[in-house]
Amino acid sequence: MNPDISPSAGSEPAAYACGPAAGACGQPFCYTDEAFADIRLLRYRVEGFEALSLRQKTLVYHLSEAALWGRDILFDQNGRYNLRIRRLLEAVYTHYRGPRDEEPFRSLAVYLKRVWFSNGIHHHYGGEKLVPGFDPAFLRSEMERLPREALPLAPGETPEELWRELQPVMFDPAVMPMRVNHRDGDDLLLTSACNYYGPDVTQAEAEAFYAARKDSADPHPVMTGLNSRLVRDDGTLRERTWRVGGLYGEAIGKIVESLLAARPFADNAAQQAVIDTLVDYYRTGDLRTFDRYTIQWLEETEGHVDFTNGFTETYGDPLGLKASWEGYVNYTDTEATHRTEVLSSHAQWFEDHSPVDPRFKKAVCRGVSARVVTAAMLGGDLYPSTAIGINLPNSDWVRHEHGSKSVTIGNLTAAYNEAARSSGMDEEFIIDEPTRRLVRTYGDALDDLHTDLHECLGHGSGRLLDGTDPDALRSYSSTIEEARADLFGLYYMADPKLTELGLTPDREAYRAQYYTYLMNGLMTQLVRIEPGHGIEEAHMRNRALIARWVMERAEKSGAAALVVREGKTYLAISDYAALRPLFAELLAEVQRIKSEGDYEAARRLVEQYGVKVDPALHEEMRRRYARLHLSPYKGFINPVYHATRDADGAITDVRIDYTEAYDAQMLRYGRQYRTLPDVNP
Ligand code: ZN
């Protein structure tokens, strides 16, 4: 989604991440792989790949290539030293001849693995700078052993100058401490390390630059600023557009080649047109062409294989304008798709019965297509950490007039669930055995249903009042939007209509979701936050906001409470039915804020409920969690597709291979999909 522009959606990280027990399983396919720092790597099984036709396999192959070619772009977007630091560390990692399982090399390896995972030197989720666990002197001395051609030197630069430049960026906590800073009152550009604006461009300048370019009379406004870096050039602010022949042109050229290779194998003529328009956009950088591409893409629903590829989500820009690059390939999971079809075919019923003010409802709710898909390749900002649901495009008017395409990714959710089963989280954090039984019985199914409601209906519901500036909520926009979609799901979860539609097994099942959602928002998600930090990430802010707002009221009425037993805090819910009206009340208020563009109310709500952390509870959660030896974050190793070709170069078969190790994959990607120079000014 685009936090400042759209009422939409985007990539949802797993809501309730738990970890598997450590250790490889010894099976030919294993869901869990290695763990380091706060991360565990999983594998996803591309169910049904062998059953695809050769044509479909070939299409998946070429689109997967297109999804991998943009990897360097994201590293550079996340910070202007990232590519150089990654390449320097990779050179040391590859050339090192000392003992690999001893310090300090072991810590260097962990740091590099984290940099790979984060696509840069800041934490992929919290955004804080990663702290290397080794001494700068070690890296400096290893650097001296490297052949000069292995060093990521800028033109004319000496190794000494390179070191002087990179050393504080990596090791000084005061330099570039946050990738995206959202702190109220700061200059968000000067204090953020992301590379979407020149280093000297201020927030006020950038806001003025884009305010002047906005045509409020245009009923079909483009997403201004989406695909460029804003820099100062001879004293004048100018956009450097990401396109063939422009900034990142080397990478985009390779993406275009792979898209054109995929084109003859497309599922239908409409999909070929989608590829043509996307290529046109990549060549011109024209944002009207981009809107045209997204409309063609969302209207193409007949193909079995599908993909997204481009500058998509704006979570990484503190102003919410500029989009990180991502690529992703999938195909339809026919059986599971039935569930979301039932929801989307009743979209109007849900819109009509929602508890929001009728002025903020859509008279005609349309274009909500919903599919469950099998991920075949993850790239850019969806790799290795990824989304389990995606709803695109993000343009407000496109969504309003044409709808959106929404998917949940079944094989990734299955991998998370499989990994979570033996984690011990439920035993530690859920209050008692009856509640654990409730969660065990309904948990997985209700999680899937909540994701479906969030993606298929939540983001697509409601409307802005005429004249409301879609950017009015500014840096609070994405948190408010995610809260809106989550609340829509939570409210309907308990509706008898869902049982009537066969989507919940009985009238009690919703309780499992109410319990785990509130427990996560109040307590367990805190394990992902470093001591002393507040909540930064939009989805986490949204969950805290909802859980605390509802809890404040539920505690007054006696419906729920946080209780302490033997020194441990638990959530106790005594009256589940009393929670639903609270979700309804908050949904109505959040929709009002969105529809009216009430910035002040958004700011108050988010700052009061979504940001601050109770230090004592935080410490307790981290202590209890640490004892489980779990990893709060998960990500995925991609499969490898091996293509066999005939004498003319035509693909005759594509085999899938799940055995590549994490470091081998990352090093291979670094070599094989190396497109950008070390410095991209
Ligand atoms: Zn969402």
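Here, every reference points to the structure presented above.
Residues numbered from 1 in each chain as written. Predicted model: local features only at pLDDT ≥ 70, side-chain atom pairs only at ≥ 80, totals over all residues. Heavy atoms only, no water.

Glancing now at the overall build of the chain. Within the chain, the secondary structure is distributed over 24 helices and 14 strands. Its C-alpha radius of gyration of 24 Å places the chain within 12% of the 26 Å reference for a compact globule of 681 residues. Seen along its three principal axes, the alpha-carbon backbone of the chain occupies a region of about 70 × 60 × 55 Å. Here the contacts in the chain between residues at least 6 apart in sequence split such that 75% fall between residues at least 24 apart. Roughly 24900 Å² of accessible area belongs to the chain as shown, and the carbon and sulfur atoms make up 50% of that amount. (Helix = DSSP H or I, 4+ residues; strand = E, 2+ residues; numbered from the N terminus. Rg over C-alpha atoms; globule rule 2.2 N^0.38 Å. Contact = heavy atoms within 4.5 Å. Areas by Shrake-Rupley, 256 points an atom, 1.4 Å probe, with all protein chains shown as cover.)

The subject of this paragraph is the pattern of salt bridges. Counted under the stated rule, the structure contains 52 salt bridges. A salt bridge links Arg359 to Asp357, with the nearest nitrogen and oxygen atoms 3.5 Å apart. Its relative accessible area of 29% is what places Asp357 among the partly exposed residues. Residues Glu428 and Lys568 are paired through a salt bridge, measuring 3.2 Å at the closest nitrogen-oxygen approach. (Salt bridge = Lys/Arg side-chain N within 4 Å of Asp/Glu carboxyl O. Buried < 20%, exposed > 50% of the residue type's maximum accessible area, 1.4 Å probe, protein only.)

Turning to the nonpolar core, a few remarks are in order. Ranked by internal contacts, the top residues of the largest apolar core, which has 211 residues, are Leu139, Tyr197, Leu259, Tyr282, Ile546, Leu579 and Tyr641. Looking at this core element by element, the count peaks at nine residues for helix α20 (residues 538-557). (Core = buried A, V, L, I, M, F, W, Y, C linked by side-chain atoms within 4.5 Å.)

Right, let's talk about unusual backbone geometry for a bit. For the peptide bond that leads from Glu103 to Pro104, omega is 0°, which places it in the cis range. Take Pro104: it is sitting in the loop between α3 (82-95) and α4 (105-118). Cis geometry is found at the peptide bond from Leu392 to Pro393, where omega equals 0°. Looking at the secondary structure, you find Pro393 in the loop between β8 (389-392) and α13 (396-402). One non-glycine residue, Met176, lies in positive phi territory at about 45°. Here the phi dihedral of Tyr248 falls at roughly 65°; this positive angle occurs in a residue that is not glycine. With respect to the helices, strands and loops of the structure, Tyr248 is situated in the loop between β4 (236-241) and α8 (249-262). We classify Tyr248 as buried; its relative accessible area is 1%.

Turning our eyes to something else, we now look at empty space enclosed by the protein. Inspection of the entire model under this criterion finds 10 cavities of 30 Å³ or more. Size it by volume and the second largest cavity reaches roughly 140 Å³. Taken together, 13 residues make up the lining of the second largest cavity; nearest its centre are Phe290, Tyr293, Thr294, Thr312 and Leu392. Counting residues per element, the ones that place at least two in the lining of the second largest cavity are α10 (287-299) and β5 (305-313). By residue number, the principal contributor to the lining of the second largest cavity is β5, which donates five residues. Class assignment for the residues of the lining of the second largest cavity results in seven nonpolar, six polar and no charged. (1 Å grid on protein atoms, 1.4 Å probe; cavity = no way out; pocket = protein on both sides within 12 Å on 5 of 7 lines; lining within 4 Å. Points joined across faces, edges and corners; volume = space filled by probe spheres on them. Nonpolar A, V, L, I, M, F, W, Y, C, P; charged D, E, K, R; others polar.)

Following the criterion strictly, the structure yields 33 aromatic pairs and no others. Taking the centre distance of 4.9 Å and the plane angle of 80° together, the rings of Trp69 and Tyr673 count as edge-to-face. Here the residue Trp69 occupies a position in the loop between α1 (54-68) and α2 (71-78), and Tyr673 occupies one in the segment after α24 (662-672), the gap between them amounting to 604 residues. Here the aromatic rings of Tyr93 and Trp116 are separated by 5.8 Å at their centres, their planes lie at 80°, and the arrangement is edge-to-face. One end of the pair, Tyr93, is in helix α3; the other, Trp116, is in helix α4, and 23 residues separate them in sequence. Both residues of the pair, Tyr93 and Trp116, belong to the buried class. Through pairs of rings, three or more aromatic residues link up here, namely Phe36, Tyr93, Tyr96, Phe105, Tyr111, Trp116, Phe134, Phe138, Trp163, Phe171 and Tyr662. The side chain of Arg528 reaches across the aromatic face of Tyr125, ending 4.8 Å from its centre. (Phe/Tyr/Trp six-rings, centres within 6.5 Å; stacked < 30°, edge-to-face > 60°. Lys NZ or Arg CZ within 6 Å of the ring centre and 35° of its normal.)

Packing of α3 against α24 brings their axes to within 11 Å, and their N-to-C directions diverge by 125°. On the basis of the axis angle, α3 is oblique to α24. When you trace α3 past α24, the crossing you get is left-handed. Each of Arg86, Glu90, Tyr93 and Thr94 in α3 lies in contact with α24, whose residues at this interface are Asp663, Met666, Leu667 and Gly670. For the contact of α3 with α24, the residue count by class is three nonpolar, two polar and three charged. (Axes fitted to C-alpha atoms, helices over the stretch in contact; angles between N-to-C directions. Parallel < 35°, antiparallel > 145°, perpendicular 65-115°, else oblique. Left-handed = near helix turned anticlockwise from the far one by under 90°.)

Attention now goes to the pairing of β4. Regular strands show a simple pattern: their side chains alternate between the two faces of the sheet. The pairing of strand β3 (residues 228-233) with β4 spans six bridges and is antiparallel. Paired with Asp233 across the bridge in β4 is Thr236. Linkage of β3 to β4, two consecutive antiparallel strands, is achieved through a turn of two residues, within which Asp234 is found at a positive phi near 50°. (Pairing = 2+ DSSP bridges.)

Attention shifts here to the packing of helix α17 (residues 477-493) against α20. The contact between α17 and α20 brings their axes to 8 Å, and the two run at 55°. The orientation of α17 relative to α20 falls into the category oblique. Seen from above, α17 lies across α20 with right-handed handedness. For the pair α17 and α20, the contacting residues are Ser478, Thr479, Glu482, Ala483, Asp486, Leu487 and Leu490 in the first and Ala538, His539, Arg541, Asn542, Arg543, Leu545 and Ile546 in the second.

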